[in-house]
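Read off the chains here:
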Amino acid sequence: MTSRFPEDFLWGGATAANQYEGGYLSGGKTLAVADVFTGGDVNTTRKISYITEDGEVGLADQYEGVPEGAKAHVIPDQYYPSHVATDFYNHWKEDIKLFAEMGLKAYRFSLNWTRVCPNGLKEVNEEGLQFYHDVIDELLKYDIEPVITLNHFDMPAHLADEYDGWASREVIDFFLFFSETVYTEFKDKVKYWMTFNEINILRGYSKLGLHSTDEQTLYQAKHHIFVASAKAVQLGKEINPDFEIGMMVCYLLNYPNDSKPENVLASLQYNRDLEFYMDVQVHGEYPHYKLKEFERKGIEIKMEDGDLDTLKAGTVDYIGFSYYMTSVSDVHSDEGYVRGNQLEVQQNPHLETSDWGWAIDPLGLRIALSKIYDRYRIPLFVVENGLGAYDEKDEDGNINDDYRISYLQKHIDAMGDAIELDGVELIGYTPWGHIDIVSAGTGEMEKRYGLIYVDLDNDGNGDMHREKKKSFGWYKKVIETNGEDLSNN
Ligand code: BG6
């Protein structure tokens, strides 16, 4: 059987440190903003806990800022899922063995900034570096290619509270110190890197460490991130010219709800909001439509001499993106809004949804791949995709997650078509949370993406043991046949 996928296609899995690792204050790690995120469930919004200068404790919506002067604060007796998460910190050997058994060729994960550099400052915690050395060595032992995201929703609490996070230009240098440290340390072991996870949806105190939420502050912070990312690309290439360094967006493709030109325009504008991030990081410049928007809104980005040259010189090698759902634009209706992947979106009436209301749209992945490749012509990497679902055991104690297999099957098939029929250059696929981890959006455990089950519930009860779900064996076969046998039998 000939495969539609390239011979060296990176079949993998993906996780993020604050949703998987745990050990939040172990081995020299210090507090991150992610460590003051409360848990939640499908109906409740996650909160972040803080303490004000007057000693008052409060909870803020995860997408908002916290009051000026307030600091990240752990409330005793409050449950914080990141503190233990699904405990990769103590299970890494066992987990990597399972990844190898599944046949993974790549594993995308992020590093905890405050494990490597306490408080995000310019010092190195050798114990933290050693932990990642051990993890990477173990992956290499099984020929699993490490794919590292430098920053996945990770803000050192100290930098948020003392510097106002990415609102401050000084944070660029702290980030570069961290990047240089890990690049240098792992330069002979790791080839694939990504700078910032889902750069387009970062906002608020939780992701950016911001205390105010106005657009001026947000775009200034984003400018600092663009500069940090472009400098990190250049720095990486100096350290090892063979590095492949990519960017990462949350690709929330939007369609017009119908052929009314005003809906087509609204959808074009919606999509531009994410294309903006690729335009800057792939083309190396602020696009015309964004500059006009800044002008209209009176947003003025403070730049230093050389920033625009930096953006031009630090363009990325590939585009990594997450793909979970699509939405529609209908300017004539306020109906059908649901809470989607970090954002409120208008639901497509023609699509089925997950238990969390996320539209399931495999064909949309082929459309997404074509749209991105047509515009940028650099390799693409689907670094997140998957179905968050409630898993239940049958009477024999097995998890027969045929719904998850069906989801992955259709999305892999769509990728095959994008490669074979549309000529898209796709280098890999790392489905999200291939082992159960904490949900980023809701902070719960019961929204499971894994092909490997972890025994833990929304309140932190469970013995953490690992079990293979039915999808484990199915994905193993998919990898063995290089994506050609997608059947579920
Ligand atoms: C992406 C993030 O937004 O979607 C992940 O990069 C996240 O961190 C994933 O976990 C799925 O979202 P959720 O809210 O279901 O965990």
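Quick notes on the rules
Residue numbers here run from 1 along each chain, matching the order of that chain's written sequence. With pLDDT at 70 or above as the cut-off, local features in this predicted model cover only qualifying residues; side-chain atom pairs require 80 or more to be listed or tallied, and sums for whole chains, interfaces and linings still use all residues. Only heavy atoms go into the side-chain values, all of them from the structure, while hydrogens and water stay out. What makes two strands pair is DSSP finding at least two bridges between them. Comment: elements are numbered from the N terminus, with helices defined as DSSP H or I runs of at least four residues and strands as E runs of at least two. Angular values range over 0 to 180 degrees, each being the angle between N-to-C directions of two axes fitted as lines to C-alpha atoms, with helices fitted over their stretch in contact. The length a helix should cover is 1.5 Å for every residue beyond the first. Whether a residue is buried, partly exposed or exposed follows from its accessible area with a 1.4 Å probe, protein chains only, as a fraction of its type maximum: under 20%, in between, or over 50%, in that order. Only a single heavy atom is needed: when it lies within 4 Å of a molecule or strand, its residue is near that molecule or strand. Here a polar contact is recorded for every N or O atom pair within 3.5 Å, except that within protein the pair must consist of a potential hydrogen donor and a potential acceptor, and residues adjacent in sequence are included only if both atoms are side-chain atoms. Under the convention used here, a 1.4 Å probe and the Shrake-Rupley method define accessible areas, while residue burial counts only the protein chains that appear. Residues are grouped as follows: Ala, Val, Leu, Ile, Met, Phe, Trp, Tyr, Cys and Pro are nonpolar; Asp, Glu, Lys and Arg are charged; every other residue, Gly included, is polar. Roughly parallel means an angle under 35 degrees; roughly antiparallel, over 145; roughly perpendicular, 65 to 115; everything else is oblique. Helix crossings fall into two classes, left-handed where the near helix is turned counterclockwise from the far one by less than a right angle and right-handed where it is turned clockwise. Any two residues whose heavy atoms approach within 4.5 Å are treated as being in contact. Nonpolar cores were defined as sets of buried Ala, Val, Leu, Ile, Met, Phe, Trp, Tyr and Cys residues, with membership established by side-chain atoms within 4.5 Å.

1. Quick notes on the sheet that holds strand β8 (residues 244–250)
Then, in step 1: Around the barrel, which closes on itself, the 8 strands sit in the order β1-β5-β6-β7-β8-β10-β14-β15 with parallel pairing between neighbours. Neighbour-to-neighbour, the strand axes of the sheet open up by a mean angle of 30°, direction not taken into account.
Then, in step 2: As defined by bridge partners, strand β6 (residues 145–151) adjoins strand β7 (residues 192–196) across 4 bridges and the pair is classed as parallel. Residue Thr 149 lies in a different strand from β7, and its bridge partner there is Met 194.

2. Let's talk about helix α12 (residues 362–376)
Then, in step 1: For α12, with 15 residues, the first-to-last C-alpha span of 22 Å sits near the 21 Å given by 1.5 Å per residue.
Then, in step 2: The complete set of buried residues in α12 reads Pro 362, Gly 364, Leu 365, Ala 368, Leu 369, Ser 370, Ile 372, Tyr 373 and Tyr 376.

3. A look at the site of the ligand
Then, in step 1: Taken together, 15 residues surround the ligand, and among them Gln 19, Glu 198, Ala 440, Gly 441 and Tyr 449 come closest.
Then, in step 2: With respect to the ligand, the side chain of His 152 contributes an N or O atom lying 2.8 Å from an oxygen atom.
Then, in step 3: Tyr 449 places a polar side-chain atom, nitrogen or oxygen, 2.5 Å from an oxygen atom of the ligand.
Then, in step 4: For the ligand, whose free accessible area comes to 380 Å², the fraction covered by protein is 99%.
Then, in step 5: Residue composition of the shell around the ligand, grouped by class: 6 nonpolar, 6 polar and 3 charged.

4. Overview of the packing of helix α9 (residues 261–283) against α12
Then, in step 1: Packing of α9 against α12 brings their axes to within 11 Å, and their N-to-C directions diverge by 40°. Taken as axis vectors, α9 and α12 run oblique relative to one another. Seen along the crossing, α9 lies across α12 with a hand that is right-handed. On α12, the residues touching Asn 271, Glu 275, Met 278, Asp 279, Val 282 and His 283 of α9 are Lys 371, Ile 372, Arg 375 and Tyr 376.
Then, in step 2: Classifying every residue of the contact of α9 with α12 gives 4 nonpolar, 2 polar and 4 charged.

5. Some points on the sheet that holds strand β3 (residues 57–61)
Then, in step 1: Strand order in this open sheet of 3 strands is β3-β2-β4, and the pairing throughout is antiparallel. With one partner strand each, in any of the chains shown, β3 and β4 (71–72) form the two edges of the open sheet.
Then, in step 2: The pairing of strand β2 (residues 47–51) with β4 spans 2 bridges and is classified as antiparallel. Across the sheet, residue Ile 51 finds its bridge partner in β4, namely Lys 71.

6. Quick word on the nonpolar core
Then, in step 1: In this structure, Trp 166, Trp 193, Phe 321, Leu 369, Ile 412 and Tyr 475 are the most contacted members of the largest nonpolar core, which totals 149 residues.
Then, in step 2: Residue contributions to this core peak at 11 residues, all from helix α8 (residues 215–239).
Then, in step 3: Contacts of Trp 193, omitting those with residues within four sequence positions, involve Ile 148, Leu 150, Val 182, Tyr 183, Phe 186, Phe 243, Glu 244, Ile 245, Gly 246 and Tyr 318.
Then, in step 4: Grouped together as the second largest cluster of nonpolar side chains are 9 residues, Leu 10, Val 147, Tyr 192 and Tyr 318 included.

7. Considerations on unusual backbone geometry
Then, in step 1: Here the phi dihedral of Asp 77 falls at roughly 75°; this positive angle occurs in a residue that is not glycine.
Then, in step 2: In this structure, Asp 77 sits in the loop between β4 and α2 (88–102).
Then, in step 3: Asp 77 gets classed as exposed once you look at its relative accessible area, which sits at 84%.
Then, in step 4: We note that Asp 143 has phi near 60°; this positive angle belongs to a residue other than glycine.
Then, in step 5: As for its placement among the helices and strands, Asp 143 is situated in the loop between α4 (126–141) and β6.
Then, in step 6: Residue Asp 143 is classed as exposed on the basis of its relative accessible area of 66%.

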